[in-house]
Amino acid sequence: MQIQQLERKGCKRRIKLEIEEIMQKSKILKEKIQYKEPMSKHTSFKVGGNAECYIVAETIEDVKHVLDIVAQNQIPLTVLGKGTNVLVKDEGIKGITLNISINKIEINEKEQTISVGAGNTISEVAQKMMQNNLAGLEELSGIPGTIGGAIRMNAGAHGKEIKDIITEVIAIDYKGNIRKFKTEECKFEYRNSIFSKEKYIVLEAKIKLQAGKKEDIQKKMIEYALWRKEHQPLEYPNAGSTFKRGENFITAKLIDECGLKGYKVGGAQISTKHAGFIVNTGNATSQEILELIEITKRKVYEKFGKEIKLEIDVIGE
């Protein structure tokens, strides 16, 4: 057993050296690359092991360079935005973890659209729109992720989804080909899209403009923010709704009726405020969160015969 453990450690060390050697020859600036980067620093759950190689892509060229490196050297690739809808396992992430931080906010009055980068947060785009008397993003303004992540999972809140305001998405496939998608080509579904089903990385998007009054827009955004504060456990690290809504049932209601509100495994807890959320009470591990997820799934199935599915992505070793 000890020999096997040493062999695995040696293997990881060798892979790490290979990645470092490869990256030293790349066109990506050294300050954008980190090795053994704790993913607890980059996820809203505040848990997870180290990324073997963590790269911040601030331009489309950065993304292209990484895709070339990945293809030429057969390195595993994981793509992240703000890490608000993911759970990274305690063992970390092998290969390259690519953080999409492409920022851009440009209003085109002629096209009646606003172009935004995949790395822009939903909240900052909503603020920019409000300042320019542009409505349409109020319902989604409190979602704590990026535009790219929201498009990938077709994020939604208060009866609106990102698909309702997107007119075009620019994405790149893993071969480096850039393609423009009209809304109908994005295959948006409930918490799903072509970008989560196939190997595409969202780079930019266009949002349709809708005239409004700054005061009215701000009032709605404040109302939605207060609602989130009252109904969701914002005081604890979490990844948003842990489970998807069922086709003919409300998942959080079933979890609540199983008596699981407040149930804990180590530092992981089913929120006492909203049973659809699992929170990190301060010292949780990814494994504890995963154990709590499995217990919740099993209890709901035993009591109601319903299979509940994850809304978050679980990534890593």
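Residues numbered from 1 in each chain as written. Predicted model: local features only at pLDDT ≥ 70, side-chain atom pairs only at ≥ 80, totals over all residues. Heavy atoms only, no water.

Draft legend 1. Layout of the packing of aromatic side chains. On inspection of all chains with the given rule, the structure shows three aromatic pairs. Between the aromatic rings of F181 and F195, the centroid separation amounts to 5.1 Å while the plane-to-plane angle is 80°, which identifies the pairing as edge-to-face. In this pair, F181 sits in strand β11 (residues 178–182) while F195 sits in helix α5 (residues 194–197), placing the two residues 14 residues apart along the sequence. When its relative accessible area of 0% is taken as the criterion, F181 is described as buried. Ring geometry for F181 versus Y200: centroids 5.1 Å apart, planes at 85°, classification edge-to-face. (Phe/Tyr/Trp six-rings, centres within 6.5 Å; stacked < 30°, edge-to-face > 60°. Helix = DSSP H or I, 4+ residues; strand = E, 2+ residues; numbered from the N terminus. Buried < 20%, exposed > 50% of the residue type's maximum accessible area, 1.4 Å probe, protein only.)

Draft legend 2. Highlighting unusual backbone geometry. The backbone phi angle of K46 is positive, close to 60°, even though this residue is not glycine. Mapped onto the secondary structure, K46 falls in the loop between β1 (33–38) and β2 (50–57). Exposure remark for K46: the relative accessible area of 46% places this residue in the partly exposed category. Phi is positive for N133, which is not a glycine, with a value near 60°. Mapping N133 onto the fold places it in the loop between α3 (122–131) and α4 (147–153).

Draft legend 3. Spatial organisation of the pairing of β11. Direction of pairing for strand β10 (residues 166–173) relative to β11: antiparallel, over a ladder of five bridges. Its bridge partner being in β11, E168 is matched across the sheet by K182. Counting the residues in the hairpin turn of β10 and β11 gives four residues, including G176, whose phi is positive at 95°. (Pairing = 2+ DSSP bridges.)

Draft legend 4. The arrangement of the nonpolar core in detail. Residues M23, I55, V63, I96, I151, V169 and F195 are the most contacted members of the largest nonpolar core, which totals 58 residues. Among the elements that line this core, the one with the most residues is strand β12 (residues 200–208), at six residues. Contact partners of V63, with chain neighbours within four places excluded, come to A57, L98, I100, I102, I172, I201 and L203. F45, L87, A252 and I278 belong to the second-largest nonpolar core, a separate cluster that totals 24 residues. (Core = buried A, V, L, I, M, F, W, Y, C linked by side-chain atoms within 4.5 Å. Contact = heavy atoms within 4.5 Å.)

Draft legend 5. Main features of the packing of α3 against helix α6 (residues 214–231). Interaxial distance between α3 and α6 falls to 8 Å at its minimum, and their mutual angle equals 150°. Between α3 and α6, the angle is such that the two are roughly antiparallel. Across the interface between the two elements, A126, Q127, M130 and Q131 of α3 pack against K214, I217, Q218 and M221 of α6. Each residue belonging to the contact of α3 with α6 can be placed in one class, and the counts come to four nonpolar, three polar and one charged. (Axes fitted to C-alpha atoms, helices over the stretch in contact; angles between N-to-C directions. Parallel < 35°, antiparallel > 145°, perpendicular 65-115°, else oblique. Nonpolar A, V, L, I, M, F, W, Y, C, P; charged D, E, K, R; others polar.)

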